Amino acid sequence: MDFDVIVVGSGFAGSVLAERLANVLNKKVLIIEKRNHISGNMYDYEKYGFYIHKYGPHIFHTNNKEVFDYLSQFTEWIPYYHKVLANIDGKKVPLPFNLNTLYRLFPIEYAKKLEKKLIDNFGYGVKIPILKLKEKSKEIEDKDLEYLANYIYEKVFLNYTRKQWDLEPEELMGVTDRVPILISRDDRYFQDKYQVMPKEGYTKMFERMLSSKNIKIMLNTDYKEIVKIDFDEGKVYLFNNEFKGIFIYTGEIDYFFNYKYGKLPYRSLRFKFIELDKKFYLDTATENFPNEYEFTRITEFKHFYKSVNDGNINKTIIVEEYPEKYNEENEPYYPIPKKEYLEIYEKYKKEVSNLNNKFRNIKFYFVGRLAEYRYYNMDKVVERALEVFEEIKEGEKNE
Ligand code: FAD
Ligand code: UDP
């Protein structure tokens, strides 16, 4: 088959673009994937009637109707509201830190006082990142709020962040803002409009996305094994033949450019899966351990599918997450949003525009967590891939 499009990577970024280009624009697409399966970090498999997420717990949540409707073509959904308990001072308390958490940790009269101050200063239903709460409480010189902010910072964020990133919360741009203090009684981890899980798992959804005859998939192949990029000549060769068309890249951007500006650091994880002869191990899907143990959190997959499966079998599977430095043996899960690394990324990003000037017969698109060095959630990757598709479509119209 002569291909119009090369897609490197079969995660959300690669698969959404492959699906759109094949089904809407009738392009012949080759997906090159180095792992032995499709779906990228979303890969899951069934065991004991549940779906186990090989690359850590993945919960779908979004406010974007377009993203939700788009994915709904490839899966039915079941409702699922994610809940997390954090182990603080020997108690299991709701996370994000909210008013219920406050009442679980402090004597009632003091909790009432803090609740009033939070609502008076910031409003009910408001979300406030921990670093902002620290700063604001200092600014308004309220000793109680200052105490509370420091307490949450130290008990919830400081040690978890050190474990997860080996950095201080202040060094990471926007990372702790992902779990803001919530001035309400809502115990859910996310407040998005759409919170669901794919009824038959994520992998099944990806299989349906990639089922077109226009799409061929090569697994177990690093793209550099079959694609040669001649940066001087401005040409791409696929199996030694010159390739002309669209090149979608969703792998690590520094690898693409042969580490020209040095390696971009990533944070990795080791997942320890444990099978237990029990109906349930945890009360909620996830428990976080900011201050104890080497792992950050434990997740029990059975909870995700409770609305359709009562879990009445004496087997369960949990996973512990152990943060690690990225090396040759593990996976680059998290780009590290630290100023100096983002500056290196910007240099690589400039190279992408240079490519598009130099390579006359190829249009390059870099999309996704690794190619854009962005701490994207899955819905944002889908949103971004759909935007890139619109860009490609418009470009074709104008040709
Ligand atoms: P990936 O899924 O990483 O896909 C990239 C693909 O490219 C991979 O399959 C890789 O093997 C392939 N590839 C890379 N280099 C090459 C190469 N040289 N040649 C060939 N193939 C290559 N998001 C949420 O919305 N909710 C969650 O609950 C959530 N939980 C998460 C938990 C963890 C532990 C992690 C790490 C992430 C989580 N995410 C979550 C984020 C989510 O995983 C990502 O946003 C999404 O999977 C990114 O998709 P992607 O296509 O950009 O990257
Ligand atoms: N975080 C924390 N304590 C917690 C939960 C989160 O300090 O109990 C911080 C930590 O820095 C973490 C970040 O908030 O990396 C984002 O948390 P999230 O649960 O969104 O992480 P992810 O699921 O993306 O790994």
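Being a predicted model, the structure only gives us computed values, none of them experimental.

Criteria and thresholds
The written sequence of each chain sets the order in which its residues are numbered from 1. The naming scheme follows written order: chains are lettered A onward, ligands numbered 1 onward. Two thresholds apply to this predicted model, a pLDDT of at least 70 for residue-level local features and 80 or more for giving and counting side-chain atom pairs, whereas whole-chain, interface and lining totals are computed over all residues. Working from all heavy atoms in the structure, the side-chain values ignore hydrogens and water. UniProt positions are given in the numbering used here, feature names are shortened, and annotations may be inferred rather than shown by experiment. Runs of E in the DSSP output that reach at least two residues are strands. Runs of H or I that reach at least four are helices, and both are numbered from the N terminus. Here, proximity means that at least one heavy atom of the residue falls within 4 Å of the molecule or strand. N or O atoms within 3.5 Å of each other form a polar contact, as long as, within protein, one can give a hydrogen and the other can take it, and as long as residues adjacent in sequence are counted only when both atoms are side-chain atoms. A 1.4 Å probe and the Shrake-Rupley method give the accessible areas. Residues count as covered only by the protein chains that appear here. Side-chain classes follow a simple rule in which Ala, Val, Leu, Ile, Met, Phe, Trp, Tyr, Cys and Pro form the nonpolar group, Asp, Glu, Lys and Arg form the charged group, and the remainder, Gly included, forms the polar group. Each residue gets one of three labels from its accessible area relative to the maximum for its type: buried under 20%, exposed over 50%, partly exposed in between, using a 1.4 Å probe on protein chains only. Along the arc lie the directions from the helix axis toward the C-beta atoms. A helix is expected to span 1.5 Å multiplied by its residue count minus one. Residue contacts follow a heavy-atom distance rule, with two residues in contact if any of their heavy atoms lie within 4.5 Å. Two residue types count as positive, namely Lys and Arg, and two as negative, namely Asp and Glu; His and chain ends fall outside the count. The term salt bridge refers to a pairing of a side-chain nitrogen on Lys or Arg with a carboxyl oxygen on Asp or Glu at a separation within 4 Å. To obtain each axis, a line is fitted to C-alpha atoms, and for helices this fit is confined to the stretch in contact; angles are then taken between N-to-C directions over 0 to 180 degrees. Comment on the angle field: the value is read as roughly parallel under 35 degrees, roughly antiparallel over 145, roughly perpendicular from 65 to 115, and oblique elsewhere. Take the far helix as your reference; a near helix turned counterclockwise from it by less than a right angle gives a left-handed crossing, and one turned clockwise gives a right-handed crossing.

Visitor: Before we go on, may I ask you to explain the UniProt feature "domain: UDP-galactopyranose mutase C-terminal" (unreviewed entry) in the protein in this structure?
Guide: Look at the UniProt record and you will see "domain: UDP-galactopyranose mutase C-terminal" (unreviewed entry) annotated at residues 155–375. In residues 155–375, the share of helix is 19% and the share of strand is 28%. The end C-alpha atoms are 24 Å apart.

Visitor: Help me out: how do you make sense of the site of ligand 2 in this one?
Guide: Within the structure, ligand 2 sits among 16 residues, and Trp165, Arg178, Tyr189, Tyr334 and Tyr375 are positioned closest to it. Between ligand 2 and the protein, one listed contact pairs an oxygen atom with a side-chain N or O atom of Tyr189 at 2.5 Å. For ligand 2, an oxygen atom lies 2.5 Å from a polar atom in the side chain of Tyr334. Relative to its free-state accessible area of 520 Å², ligand 2 is covered by the protein chains to the extent of 94%. When residues of the shell around ligand 2 are assigned to their parent elements, the largest contribution, six residues, is made by helix α6 (residues 143–165). Considering only residue class, the shell around ligand 2 consists of 10 nonpolar, four polar and two charged.

Visitor: Looking at this structure, I do not really get helix α7 (residues 202–209). What am I missing?
Guide: Side chains of residues three or four places apart in an α-helix project in the same direction, reflecting 3.6 residues per turn. Taken residue by residue, α7 has Tyr202, Thr203, Met205, Phe206 and Met209 as its buried positions. Each buried residue of α7 sits inside an arc of 155 degrees when the element is viewed along its axis, so together they form one side.

Visitor: Which parts of the structure should I look at to understand helix α9 (residues 339–358)?
Guide: Its 20 residues place the ends of α9 29 Å apart at the C-alpha level, agreeing with the 28 Å of an ideal helix rising 1.5 Å per residue. Within the sequence span of α9, burial applies to Tyr341, Tyr345, Tyr348, Glu351, Val352 and Leu355. For α9, the angular spread of the buried residues around the axis is 110 degrees, confining them to a single face. Opposite the packed face of α9, turned more than 90 degrees from it, sit the exposed residues Lys339, Lys350 and Asn357. The secondary structure elements touched by the buried residues of α9 are α8 (253–256) and β22 (362–366).

Visitor: I keep staring at the side chain of Asp222 and nothing clicks. Help me out?
Guide: One can find Asp222 in the loop between β12 (215–218) and β13 (227–230). Buried within the structure, Asp222 lacks any salt-bridge partner; its nearest side chain of opposite charge belongs to Lys34, at an N-O separation of 5.0 Å. For Asp222, the side chain forms a polar contact with the side chain of Tyr255, separated by 2.8 Å. When neighbours within four sequence positions are excluded, Asp222 is seen to be in contact with Ile32, Lys34 and Tyr255.

Visitor: Which parts of the structure should I look at to understand the site of ligand 1?
Guide: Every one of the 33 residues lining ligand 1 counts as a neighbour, but Glu33, His58, Ile59, Tyr376 and Met378 are closest to it. Within the side chain of Glu33, one N or O atom sits 2.6 Å away from an oxygen atom of ligand 1. The backbone of Pro57 places a nitrogen or oxygen atom 3.1 Å from a nitrogen atom of ligand 1. Out of a free accessible area of 1000 Å², ligand 1 has 97% covered by protein chains.

Visitor: Would you take a moment to explain the packing of helix α4 (residues 108–122) against α6 for this structure?
Guide: To describe two helices that pack against each other, one gives the angle between their axes and the distance between the axes. Taken N-terminus to C-terminus, the directions of α4 and α6 make an angle of 100 degrees; their axes are 10 Å apart at the nearest point. On the basis of their axis angle, the class for α4 and α6 is roughly perpendicular. For the pair α4 and α6, the contacting residues are Tyr110, Lys113, Leu114, Lys117, Leu118, Asn121 and Phe122 in the first and Asp144, Leu145, Tyr147 and Leu148 in the second. Residues that form the contact of α4 with α6 fall into these classes: seven nonpolar, one polar and three charged.

Visitor: It is not clear to me how the packing of helix α5 (residues 130–139) against α6 should be interpreted in this structure. Could you clarify?
Guide: Where α5 meets α6, the closest approach of the two axes is 8 Å, and the angle between their N-to-C directions is 155 degrees. Classified by the interaxial angle, the pair formed by α5 and α6 is roughly antiparallel. Crossing angle aside, the handedness with which α5 passes α6 is left-handed. Counting all contacts with α5, which are made through Ile130, Leu131, Leu133, Lys134, Ser137 and Lys138, the residues of α6 involved are Leu145, Glu146, Ala149, Asn150, Ile152, Tyr153 and Phe157.

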